[in-house]
Amino acid sequence: MGPTPEPAASTPLVLVHGLFDTPRVFDTLRRRLAGRRSPLLVPHLPHALGSVPLEDLAAMLGSHIEAAFGAEQPVDLMGFSMGGVIGRTWIQLGGGHRRTRRFLSVASPQKGTLAAVPFPRLALAGIADMKPGSDLLRRLDRDLEPLRQVECCSLYCPTDLTVFPGWEAVLPVGPSQPLPVFWHNLLMAEPGSLDPVVAELLRP
């Protein structure tokens, strides 16, 4: 069973950044939330230019959450870009499903991205984890039961060229919604993208 439901305003929110990002990618989103989601955790996950495997980053995420909120406090989780796959990995492989109330995936390569195909795993394991059909993505798809215990939603950019094809950047569980923004790097900055993100994060 998943965590006991709590109101959104009282459930800690964790934001997970993507590749080549830092927690500052969420600065505009945090201003838009204006303190309406508190407590808020935005950990820095050092990806070393994509060389750190996503399962290692998921373990770091779990450690940050436990250090901030203890071992049992339910949380809501939002992952942007690669951060959505890191969050999903923690939920499914790191036991995060036992304490995650909601999971919002925003423009995340849940089915992989063709942009990752040229990169060798030996040097860039984290990027290689996002190749379509990677070992990690196949492991996640083999057992969806932990993900089904979490309320999931996907927001995606149909014209995304970073997570490509953009219309496949959705979780295998839960509803999905396109975002009216043309480029990946605008998703955490443009009102057309942030309006639905904020609405989802503030939903009762």
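Each residue is numbered by its place in its chain's sequence as written, counting from 1. Local features in a predicted model are, by the rule used here, given only for residues with pLDDT of at least 70; side-chain atom pairs are given and counted only at 80 or more, and totals for whole chains, interfaces and linings are based on all residues. With hydrogens and water excluded, all non-hydrogen atoms of the structure serve as input to the side-chain values.

1. With respect to the sheet that holds strand E3 (residues 75-80)
Logical step 1: Pairing is parallel across the open sheet formed by six strands, whose spatial order is E2-E1-E3-E4-E5-E6. For this open sheet the edge positions go to strand E2 (40-41) and strand E6 (176-178), each flanked by a neighbour on one side alone.
Logical step 2: For two strands to be treated as a pair, DSSP must find no fewer than two bridges joining them. Helix and strand labels come from DSSP, where a helix needs a run of H or I of at least four residues and a strand needs a run of E of at least two; each type is numbered from the N terminus. Inspection of the sheet shows E3 paired to strand E4 (residues 100-106) by six bridges, in the parallel sense. Each bridged residue has a counterpart across the sheet, and for Leu77 the counterpart in E4 is Phe103.
Logical step 3: Two residues form a contact once any of their heavy atoms are found within 4.5 Å. The convention used is that axes are lines fitted to C-alpha atoms, helices contributing only their stretch in contact, and that angles between N-to-C directions extend from 0 to 180 degrees. Where helix H3 (residues 82-93) meets the sheet, it contacts strand E1 (13-16), E3 and E4, and its direction lies at approximately 140° from that of E3.

2. Comments concerning the nonpolar core
Logical step 1: Here, the term nonpolar core denotes a set of buried Ala, Val, Leu, Ile, Met, Phe, Trp, Tyr and Cys residues that are joined through side-chain atoms within 4.5 Å. Partly exposed describes any residue whose relative accessible area lies between the buried limit of under 20% and the exposed limit of over 50%, with all areas from a 1.4 Å probe on protein chains only and scaled to the type maximum. Judged by nonpolar contacts, the single largest core of 32 residues is most densely connected at Val14, Leu61 and Ile86.
Logical step 2: Listed by contribution, the elements that provide at least two residues to this core are E1, helix H2 (54-69), E3, H3 and helix H5 (135-142).
Logical step 3: Per-element accounting of this core gives the leading share, six residues, to H2.
Logical step 4: The contacts of Ile86, once residues within four sequence positions are left out, are Val16, His17, Leu45, Leu54, Leu57, Ala58 and Leu61.
Logical step 5: Counting residues in each nonpolar core, the second largest holds 22 residues, with Leu104, Leu179, Met188 and Leu194 among its members.

3. With respect to the state of the cysteines
Logical step 1: Any two cysteine sulfur atoms within 2.5 Å of one another count as a disulfide. Applying the stated rule across the entire model yields zero disulfides.
Logical step 2: Among the cysteines around Cys153, which has no disulfide bond, Cys152 carries the closest sulfur, lying 8.8 Å off.
Logical step 3: Using a relative accessible area of 9% as the deciding quantity, one classes Cys153 as buried.

4. What to know about H3
Logical step 1: With twelve residues, H3 extends 16 Å between its outermost C-alpha atoms, agreeing within 8% with the 16 Å of an ideal straight helix rising 1.5 Å per residue.
Logical step 2: Burial analysis of H3 places eleven of its twelve residues in the buried class, which makes it a mostly covered element.
Logical step 3: Every buried residue of H3 is listed here: Met82, Gly83, Gly84, Val85, Ile86, Gly87, Arg88, Thr89, Trp90, Ile91 and Gln92.
Logical step 4: Contacts made by the buried residues of H3 are with E1, H2, E3, E4, H5 and helix H6 (145-148). Multiplying 1.5 Å by the helix residue count minus one yields the expected span of that helix.

5. Observations concerning unusual backbone geometry
Logical step 1: In the segment running from Ser38 into Pro39, the intervening peptide bond is cis, with an omega of 5°.
Logical step 2: Along the chain, the position of Pro39 falls in the loop between helix H1 (27-33) and E2.
Logical step 3: Following Phe164, the chain continues to Pro165 via a peptide bond in cis, the omega torsion being 0°.
Logical step 4: Secondary-structure assignment places Pro165 in the loop between strand E5 (151-156) and E6.
Logical step 5: Within the chain, Leu49 stands out as a residue other than glycine whose phi angle is a positive 60°.

6. Regarding the pairing of E1
Logical step 1: Burial of E1 is two-sided: the residues Leu13 and Leu15 facing one way and the residues Val14 and Val16 facing the other way are all buried.
Logical step 2: Pairing between E1 and E2: two bridges, direction parallel. For Val14, the partnering residue across the bridge sits in E2 and is Leu41.
Logical step 3: Taken together, the four bridges between E1 and E3 define a ladder with parallel strand orientation. Following the sheet pairing, Val14 is matched in E3 by Leu77.

7. Observations regarding the pattern of salt bridges
Logical step 1: Whenever Lys or Arg places a side-chain nitrogen within 4 Å of a carboxyl oxygen from Asp or Glu, that contact is recorded as a salt bridge. By the definition in use, this model includes eleven salt bridges.
Logical step 2: A salt bridge links Asp27 to Arg24; its shortest N-O distance comes to 3.4 Å.
Logical step 3: Between Arg203 and Glu151 there is a salt bridge, with its nearest N and O atoms 2.5 Å apart. Separated by 52 residues along the polypeptide, Arg203 in the segment after helix H7 (191-201) and Glu151 in strand E5 bring together distant segments of the chain.
Logical step 4: By relative accessible area, Arg203 is classed as partly exposed at 29%.
Logical step 5: Take Glu151: its relative accessible area is 38%, and that puts it in the partly exposed class.
Logical step 6: Linked through salt bridges whose partners overlap, the residues forming this network are Arg102, Glu151, Glu200 and Arg203.

Remember that the coordinates give geometry; whether it matters functionally is a separate question.
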